[in-house]
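Working through the structure, step by step
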Amino acid sequence: MKPIVLQFDDILMTADAQEQLHSAALVQFASVDEILASPDPLLDVQGLLLNLAHPVTATLLDKLPNVKVIANYGVGVDHIPLPLATERGIWVTNTPGMLDKAVADLTMGLIIAASRRMVESHQVMAANAFTGWTPMYQLGVEVSGKTLGIIGLGEIGKQVARRAAGFDMPVLYCNRKPLSPEEELRLGVSYRNFEQLLAESDIVSIHTPLTPETRGLFNAVTIARMKRGAILINTSRGALIQEAALADALKRGHLYAAGLDVFEQEPKVHPDLVGLPNVVMAAHIGSATNETRRAMGDCTVHNLLCGLKGEKPPAALNVPVMLSVKPL
Ligand code: GLV
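So, a few notes on the structure that sits alongside this text. Fair warning: this is a prediction, and the values are worked out from it, not measured in the lab.

Let's talk about the overall build of the protein
For the protein, the count of helices and strands is 12 helices and 12 strands. Computed over its C-alpha atoms, the radius of gyration of the protein comes to 22 Å, within 12% of the 20 Å expected for a compact globule of 328 residues. Taking the principal axes of its C-alpha atoms as reference, the protein extends roughly 70 × 50 × 35 Å. Per-residue burial for the protein yields a buried fraction of 50% across its 328 residues.

Written out as structure tokens, the structure is:
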């Protein structure tokens, strides 16, 4: 009998991946609520194909005692308790390398939109309220040549650095571990600690995962350490920023603008940010291109199928314990 895989949303994938998935598994659509409402454990379920909108909890896993693999459609896995999955013998996988360029593209878009007041300008035009070119109208700040500070120079951060080079931007970064001098040279980036980066950057862009250590990394204290007139961009996870503190800094003019694709209480946005002229917001669309989402689909399915077969998935984020006592 084919193993059952629970899928939580429709996703794009190539016809090949679709065929491989359906020949190896019986795919059923499910929701967290349905699983939790089931009076009995779902013993035949061996795989989950889910994403950041469906948080995995211990209670959910209690209902799914034979799951071998949780294949996450996306890179961030802050919605999956990794140590618990590891302890229960479950592979957790993500989609590294699939969405770096799409997210970096959107990051540059937010940098430009926030610096050049593109949303305000669009709103004037959309209301047919433009009264004509004047020398002082809707002045923004120049992007070219500004110092960009990247928080977390992983694969997405590196793609942002490459794009920033095209805008003649000096790039600073902070990471848990600095890169080798050769790689710094190749990417044209310079290491700073967090405090130094905040003090020197005109634009700060966040590309670090959400963990207990990074939650609320940008708060009243750290935002106050940013340059007056700086711009804050976030395409990583919303809870890295305390939105009330950000809104306050934007209102007081300490920060010039912000560009946000992710939100602290997603899908809600803090009421103090709504309507501010100097915040540009997108609806968590960093990876939302047809090309990227399809590549993510194939990658997720490949990981899932490896996990179901008892093989190490290429994008495994953990090494589950007690794998040997689970039936393959
Ligand atoms: C999207 O936010 C992801 O983590 O892939």
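There's plenty left to go through after this.
Looking at the packing of aromatic side chains
Counting across every chain of the model gives three aromatic pairs. Ring centres of Tyr173 and Tyr191 lie 5.5 Å apart, and the angle between their planes is 75°; on these two criteria the pair is classed as edge-to-face. With Tyr173 in strand β7 (residues 171-174) and Tyr191 in strand β8 (residues 189-191), this residue pair connects regions lying 18 residues apart in the sequence. The exposure class assigned to Tyr173 is buried, which follows from its relative accessible area of 0%. Ring geometry for Phe194 against Phe218: centres 5.7 Å apart, planes inclined by 80°, an arrangement best described as edge-to-face. Of this pair, Phe194 sits in helix α9 (residues 194-200) while Phe218 sits in the loop between β9 (203-206) and α10 (220-224), placing them 24 residues apart in sequence. With respect to burial, Phe194 and Phe218 carry one shared label: buried.

What to know about the side chain of His54
Structurally, His54 can be placed in the loop between β3 (45-50) and α3 (58-62). Not counting the four nearest positions on each side in its chain, His54 is found in contact with Phe8, Asp9, Val32 and His79.

With respect to the pairing of β7
Residues of β7 alternate between two faces, with Val171 and Tyr173 on one and Leu172 and Cys174 on the opposite face, all of them buried. Two strands pair when backbone bridges link them, and strand β6 (residues 148-151) and β7 are joined in this way by four bridges, in the parallel orientation. From the neighbouring strand, Gly149 faces β7, where its bridge partner is Leu172. In this fold, β6 hands off to helix α7 (residues 155-165), which returns the chain to β7; that crossover is right-handed.

Focus on the sheet that holds strand β11 (residues 255-260)
The seven strands are arranged β8-β7-β6-β9-β10-β11-β12 in an open sheet whose pairing can be described as parallel. Where the open sheet ends on each side, the last strands, each with one partner, are β8 and β12 (279-281). When the angles between neighbouring strand axes are averaged without regard to direction, this sheet yields 20°. By the bridge criterion, four bridges tie β9 to strand β10 (residues 230-234) in an arrangement that is parallel. Following the sheet pairing, Val204 is matched in β10 by Leu232. Contacts from helix α5 (residues 100-115) reach β6, β9, β10, β11 and β12, with the element oriented near 145° to β11. Packing of α7 onto the sheet brings it into contact with β6, β7 and β8, and relative to β6 it is tilted by some 170°.

Notes on the site of the ligand
The environment of the ligand is made up of Leu52, Gly74, Val75, Gly76, Leu99, Arg237 and His284. The separation between an oxygen atom of the ligand and a polar side-chain atom of His284 is 2.7 Å. Starting from 190 Å² of accessible surface for the ligand in isolation, the protein chains cover 87%. Across the shell around the ligand, the residue classes break down as three nonpolar, three polar and one charged.

Brief notes about a nonpolar patch on the surface
Residues Met125, Phe130, Trp133 and Tyr137 make up a contiguous nonpolar surface patch of about 490 Å² in total accessible area. In this fold, Met125 is placed in helix α6 (residues 118-126).

What about the packing of α5 against α7?
Contact pair α5 / α7: the axes reach a minimum separation of 8 Å and the direction vectors enclose 50°. With respect to α7, the element α5 is oriented oblique. In the crossing of α5 with α7, the sense of the turn from one axis to the other is right-handed. Here α5 contributes Asp100, Lys101, Val103, Ala104, Asp105, Thr107 and Met108 to the contact with α7, which in turn contributes Glu155, Ile156, Gln159, Val160, Arg163 and Ala164.

Rules of the game
- Residues numbered from 1 in each chain as written.
- Predicted model: local features only at pLDDT ≥ 70, side-chain atom pairs only at ≥ 80, totals over all residues.
- Heavy atoms only, no water.
- Helix = DSSP H or I, 4+ residues; strand = E, 2+ residues; numbered from the N terminus.
- Rg over C-alpha atoms; globule rule 2.2 N^0.38 Å.
- Buried < 20%, exposed > 50% of the residue type's maximum accessible area, 1.4 Å probe, protein only.
- Phe/Tyr/Trp six-rings, centres within 6.5 Å; stacked < 30°, edge-to-face > 60°.
- Contact = heavy atoms within 4.5 Å.
- Pairing = 2+ DSSP bridges.
- Right-handed = clockwise from strand over helix to strand, strands pointing away.
- Axes fitted to C-alpha atoms, helices over the stretch in contact; angles between N-to-C directions.
- Near = heavy atom within 4 Å.
- Polar contact = N/O pair within 3.5 Å; in protein donor to acceptor, adjacent residues only side chain to side chain.
- Areas by Shrake-Rupley, 256 points an atom, 1.4 Å probe, with all protein chains shown as cover.
- Nonpolar A, V, L, I, M, F, W, Y, C, P; charged D, E, K, R; others polar.
- Patch = residues over 30% accessible without salt bridge, like charges linked within 9 Å, V, L, I, M, F, W, Y side chains within 5 Å.
- Salt bridge = Lys/Arg side-chain N within 4 Å of Asp/Glu carboxyl O.
- Parallel < 35°, antiparallel > 145°, perpendicular 65-115°, else oblique.
- Left-handed = near helix turned anticlockwise from the far one by under 90°.

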